[in-house]
Amino acid sequence: MYRIGEIASLMNISKRTIDYYTQLGLLNPVRTDSNYRLYGEDSIHILELVDHYKTLNLPLEEIKSYIKMVHSEKTIDHEKVAKHCEQIAVLMDHLKQEIKAMEPVLQKLDRNEKEMLVNKLSLQGVTLAQSLLLLFA
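Rules used throughout
- Residues numbered from 1 in each chain as written.
- Predicted model: local features only at pLDDT ≥ 70, side-chain atom pairs only at ≥ 80, totals over all residues.
- Heavy atoms only, no water.
- Helix = DSSP H or I, 4+ residues; strand = E, 2+ residues; numbered from the N terminus.
- Buried < 20%, exposed > 50% of the residue type's maximum accessible area, 1.4 Å probe, protein only.
- Contact = heavy atoms within 4.5 Å.
- Arc of directions from axis to C-beta.
- Axes fitted to C-alpha atoms, helices over the stretch in contact; angles between N-to-C directions.
- Parallel < 35°, antiparallel > 145°, perpendicular 65-115°, else oblique.
- Nonpolar A, V, L, I, M, F, W, Y, C, P; charged D, E, K, R; others polar.
- Salt bridge = Lys/Arg side-chain N within 4 Å of Asp/Glu carboxyl O.
- Phe/Tyr/Trp six-rings, centres within 6.5 Å; stacked < 30°, edge-to-face > 60°.
- Lys NZ or Arg CZ within 6 Å of the ring centre and 35° of its normal.
- Pairing = 2+ DSSP bridges.
- Core = buried A, V, L, I, M, F, W, Y, C linked by side-chain atoms within 4.5 Å.

### Section: the overall build of the chain
Line of reasoning, step 1. Of regular secondary structure, the chain possesses 7 helices and 3 strands.
Line of reasoning, step 2. In the chain, the order of α-helices and β-strands from amino to carboxyl end is β-α-α-β-β-α-α-α-α-α.
Line of reasoning, step 3. Taken over 137 residues, the chain has a buried fraction of 18%.
Line of reasoning, step 4. Once local pairs closer than 6 in sequence are excluded, the contacts in the chain between residues at least 24 apart make up 47%.

### Notes on helix α2 (residues 15-24)
Line of reasoning, step 1. Those residues of α2 not exposed but buried are I18, Y21, T22 and L24. What you see down the axis of α2 is that its buried residues fit within an arc of 160°, all on one side. Exposed side of α2, more than 90 degrees from the buried face: R16 and Q23 are the residues found there.
Line of reasoning, step 2. Positive backbone phi, approximately 90°, marks G25, located one or two places after α2.

### Let's talk about the packing of helix α1 (residues 4-11) against α2
Line of reasoning, step 1. It is at 9 Å that the axes of α1 and α2 come closest, and there the two elements cross at 105°. Taken together, the axis directions place α1 and α2 in an arrangement best described as roughly perpendicular. From α1, I4, G5, I7 and A8 reach across to α2, where they touch K15, I18 and D19.
Line of reasoning, step 2. Of the residues contributing to the contact of α1 with α2, the split by class is 4 nonpolar, 1 polar and 2 charged.

### Quick look at the pattern of salt bridges
Where charged atoms from two side chains of opposite charge approach closely, those side chains can pair.
Line of reasoning, step 1. Taken as a whole, this structure holds 2 salt bridges when the rule is applied.
Line of reasoning, step 2. In this structure, R37 and D19 form a salt bridge, with 2.6 Å as the shortest nitrogen-oxygen distance. With R37 in strand β3 (residues 37-39) and D19 in helix α2, this pair connects stretches of sequence that are 18 residues apart.
Line of reasoning, step 3. E115 is the partner of R111 in a salt bridge, and the nearest nitrogen-oxygen pair spans 3.3 Å. Of the two residues, R111 and E115 are both situated in helix α7 (residues 111-136); the distance of 4 residues between them amounts to about one turn of the helix.

### With respect to the packing of aromatic side chains
Line of reasoning, step 1. Within this structure, the stated rule accounts for 1 aromatic pair.
Line of reasoning, step 2. Both rings, one in Y20 and one in Y21, keep their centres 6.4 Å apart while their planes meet at 40°; by these two values the pair is tilted.
Line of reasoning, step 3. Over the face of the ring belonging to Y36 we find R3, whose NZ or CZ atom lies 4.0 Å from the ring centre.

### Brief notes about the sheet that holds β3
Line of reasoning, step 1. In spatial order, the strands read β1-β3-β2; together these 3 strands make up an open sheet with antiparallel pairing. A single partner strand is all that each edge strand has here, and the edge strands are β1 (2-3) and β2 (30-31).

### Describing the nonpolar core
Line of reasoning, step 1. If you look at the biggest cluster of nonpolar residues, it comprises 18 residues, and the most contacted ones within it are I18, L27, V50 and I67.
Line of reasoning, step 2. Listed by contribution, the elements that provide at least two residues to this core are α1, α2, α3 (41-55) and α4 (60-71).
Line of reasoning, step 3. Considering every element that reaches this core, the biggest residue donor is α3, with 6 residues.
Line of reasoning, step 4. Those residues within four positions of I18 in sequence are excluded, and the remaining contacts are I4, I7, A8, I13, L27, Y39 and L47.

Distances and angles like these do not, on their own, reveal function.
Set out below in structure tokens:
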């Protein structure tokens, strides 16, 4: 269990951000007899998810909805899962378009630079494909 300052330091975010996420209901700390808030390993996982979704420019309310969906022990909301999968497909299409738009710039790179980028993108693409196969297998 971590106190607010410890988890903030560990996750490289401010205590104020931890407070805000707690107020929003993203984090659910345990209160001690002395009224200290203690955050568990689940809070670290949630903060990692929040950070990931923020890189996709999703609003916090939507992030909260996704986190609830992931951590829900109740019946799966098939509509929410389908919507989330549709959004993933849109993001993948957007990335494909961005790469295509970068083509003129990529043509100006020398052979070594191109190989390095292709290897990096290929590795990420393979990782993504494997993740999707595991999810839908």
